[in-house]
Structures are given as structure tokens and as C-alpha cells.
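Per-entry structural report
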Amino acid sequence: DPNSKGHRFDIVMGIEVITSIHPSNNRFQAYLLPNPAQEQVRISIQKPDNVATTNIRIVSMAGVEVSNEKLATDTSELDINLSQLSKGIYLVEITHGTERIVKRLIVN
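Small disclaimer: the values here were computed from a predicted structure and weren't measured. Every chain's residues receive numbers from 1 upward, in the order its sequence appears when written. Where totals are concerned, whole chains, interfaces and linings use all residues; where local detail is concerned, this predicted model gives features only for residues with pLDDT of at least 70, and gives and counts side-chain atom pairs only at 80 or more. In computing side-chain properties, one takes all heavy atoms of the structure into account and sets aside hydrogens as well as water.

A closer look at the pairing of strand β3 (residues 54–60)
Worth spelling out the cut-off: Residue burial is assigned from relative accessible area. The probe radius is 1.4 Å, only protein chains are included, and a residue is buried under 20% of its type maximum, exposed over 50%, and partly exposed in between. Elements are defined by DSSP. Helices are runs of H or I of four residues or more, strands are runs of E of two residues or more, and each kind is numbered from the N terminus. Strand pairing requires that DSSP identify at least two bridges connecting the strands.
The element β3 is extensively covered by neighbouring structure, given that five of its seven residues are classed as buried. Where β3 meets strand β4 (residues 65–71), six bridges bridge the pair, whose relative direction is antiparallel. By the bridge assignment, N55 is partnered in β4 with K70. With antiparallel pairing between neighbouring strands as the criterion, β3 and β4 make up a hairpin whose turn holds four residues, including G63 at a positive phi of roughly 90 degrees. With seven bridges joining them, β3 and strand β6 (residues 88–96) adopt antiparallel strand pairing. Residue V59 lies in a different strand from β6, and its bridge partner there is L91.

What follows is the structure, encoded as C-alpha cells:
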């Protein structure tokens, strides 16, 4: 629309609704904020325990690993710089002990 002068916003809808990131139970959960992201993404993890090691891998859709981080046992958040990544869709694999979550990350 020429009347908007290029100022637009996006509404992104999905299955996952985030009301809070407070430990509410003992389930292993992870959130990517913001998603889609441009310069940085915060990965927030709700862990059932602080004993198991947590690993975070980011893989391109071509299967190339672009990041691999190990999270300290007493940490539940990690900020990852995305400025070196090309625009596109990436998979974020988060493993905690024997549990695994895979999330889709959009970099634009």
C-alpha cells in the first residue's frame, strides 16, 4: 500500500503460545525469542534438573552445523549472535541428558 510508506509489521501465528518462561513443572521445554530473528536470538530453556548437560546446535537446512554450544548446568538462557548467518531457516537442536527438542529458527 503506497499510503503506508513502507512501514509494516508482521503478525506471526503458530501453535506455540508463550505466556511466561517461569518453571511451572518438571517438563523439558525450550523457547526461541524472537523468532523470526535478525541479529540475535535468546534460547530460554526450562530444565527438569541441573545435573544433565545441555547442548545447543544450530544446523542449516542443508545439514551444515553453524553453531554448537554447551550450556552451563546452572544456566537456563543463552544469547546467540546471528549476524554471520545468511537469511533462511535453521534447525535448533537442544539436548538435555537423554531428552531432545528441535525448533525451527527463521533468520531474516
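Quick look at a nonpolar patch on the surface
In plain terms, the rule: By definition, no residue in a patch forms a salt bridge, and every one has over 30% relative accessible area; like charges are joined within 9 Å, nonpolar side chains (Val, Leu, Ile, Met, Phe, Trp, Tyr) within 5 Å. Per-residue accessibility takes into account occlusion by the displayed protein chains alone, with areas from the Shrake-Rupley method and a 1.4 Å probe. Salt bridge, as used here: a side-chain nitrogen of Lys or Arg that lies within 4 Å of a carboxyl oxygen of Asp or Glu.
A cluster of nonpolar side chains, M61, I89, L91, V102 and I106, forms an exposed patch at the surface whose accessible area comes to about 410 Å². Going through the elements one at a time, β6 and β7 (99–107) are the ones with two or more residues in the nonpolar patch. Locating I89 in the fold gives a position in strand β6.

Regarding the pattern of salt bridges
Overall, the coordinates contain five salt bridges when judged by the stated rule. With a closest N to O distance of 2.7 Å, R42 and D79 form a salt bridge. Here the residue R42 occupies a position in strand β2 (residues 40–46), and D79 occupies one in strand β5 (residues 77–81), the gap between them amounting to 37 residues. Residue classification places D79 among the partly exposed positions, given a relative accessible area of 37%. Two residues, R57 and E93, come together in a salt bridge whose shortest N-O distance is 3.3 Å. On the criterion of sequence distance, the pair formed by R57 in strand β3 and E93 in strand β6 is long-range, its members being 36 residues apart.

Observations concerning unusual backbone geometry
Cis geometry marks the peptide bond from L33 to P34, where omega comes out at -10 degrees. Mapped onto the elements of the fold, P34 is located in the loop between β1 (29–33) and β2. Cis rather than trans, the peptide bond between N35 and P36 has omega equal to 10 degrees. Looking at the element boundaries, P36 is found in the loop between β1 and β2.

Quick word on the sheet that holds β4
For clarity, the threshold we go by: All axes here are fitted lines through C-alpha atoms, helices being fitted over the stretch that makes contact, and every angle between N-to-C directions spans 0 to 180 degrees.
Read from one edge to the other, the open sheet built from four strands follows the order β4-β3-β6-β7, with strand pairing classed as antiparallel. At either margin of the open sheet sits one strand with a lone partner, and together these are β4 and β7. Taken pair by pair, the neighbouring strands of this sheet meet at an average axis angle of 15 degrees, ignoring direction. For β6 and β7, the ladder comprises nine bridges, and the chain directions are antiparallel. Along β7, the bridge assignment pairs L91 with R104.

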